[in-house]
Amino acid sequence: MRKGSRIAFDVGTVRIGVAVCDADTILCTPKTTIAKDKYDADLYEAADLVDEVGAVEIIVGKPVTLAGNSGKSAKMALKWARGLRSLVTVPIRMVDERLSSVSAHTQMSEAGMNSRQQRQLVDQQAAVVILQQALEYERINDRPAGQKL
């Protein structure tokens, strides 16, 4: 397993959830939620976060269908990741994020959070799920998850 902190982004149409892991890749935690902005302020905020946490790699969730197809959401996430790519030097990997939001809602419900509390944090928790899945894939397969952008 490669050492170094990672940062993950769950890109939605309105918000972007952000999660990070420690340099030993043991603990994944929610970081923040970024508001999407038509003037790309969200990309600059994301790039600042990459620098702030000293990430060695960026994971961006790619929302594919259960059948594995890319739809409108996947294209939006890829476009966003390409925009971020122009602002950072850290490698970016697109990782399948199927059911990450469902997992996030389930985890939050099991923690006793009501739907109103979940709405405020689900994007961050989905980013945690994406990051955890990417790290677990790498532990098992001895290679990074997803596709390098």
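Refer to the preceding data block for the structure.
Notes on the structure follow. Note that the structure is a prediction, hence the values are computed from the model and not measured. (Residues numbered from 1 in each chain as written. Predicted model: local features only at pLDDT ≥ 70, side-chain atom pairs only at ≥ 80, totals over all residues. Heavy atoms only, no water.)

1. A few points about helix α2 (residues 72-85)
Item 1. The end-to-end C-alpha distance of α2 is 20 Å, a good match for the 20 Å that 14 residues give at a rise of 1.5 Å each.
Item 2. Where α2 is concerned, the buried positions are Ala74, Ala77, Trp80, Ala81, Gly83 and Leu84.
Item 3. Among the structural elements, β1 (6-11), β2 (15-21), α1 (41-53), β4 (57-62) and β5 (92-96) are those in contact with the buried residues of α2. (Helix = DSSP H or I, 4+ residues; strand = E, 2+ residues; numbered from the N terminus. Expected span 1.5 Å × (residues − 1). Buried < 20%, exposed > 50% of the residue type's maximum accessible area, 1.4 Å probe, protein only. Contact = heavy atoms within 4.5 Å.)

2. Focus: the pattern of salt bridges
Item 1. Under the definition given, this model contains eight salt bridges.
Item 2. Arg6 is the partner of Glu57 in a salt bridge, and the nearest nitrogen-oxygen pair spans 3.2 Å. Linking Glu57 in strand β4 with Arg6 in strand β1, this pair joins segments that are 51 residues apart in sequence.
Item 3. The exposure class of Glu57 is buried, given its relative accessible area of 5%. (Salt bridge = Lys/Arg side-chain N within 4 Å of Asp/Glu carboxyl O.)

3. Some details on the layout of surface pockets
Item 1. In this structure, the largest pocket encloses a volume near 190 Å³.
Item 2. Around the largest pocket, the lining residues are Lys36, Asp37, Lys38, Asp40, Asp42, Leu43, Met76, Lys79, Trp80 and Gly83.
Item 3. For the lining of the largest pocket, the secondary structure elements donating two or more residues are α1 and α2.
Item 4. Of all the elements, α2 adds the most residues to the lining of the largest pocket, at four residues.
Item 5. Each residue belonging to the lining of the largest pocket can be placed in one class, and the counts come to three nonpolar, one polar and six charged.
Item 6. Estimates place the volume of the second largest pocket at around 160 Å³. (1 Å grid on protein atoms, 1.4 Å probe; cavity = no way out; pocket = protein on both sides within 12 Å on 5 of 7 lines; lining within 4 Å. Points joined across faces, edges and corners; volume = space filled by probe spheres on them. Nonpolar A, V, L, I, M, F, W, Y, C, P; charged D, E, K, R; others polar.)

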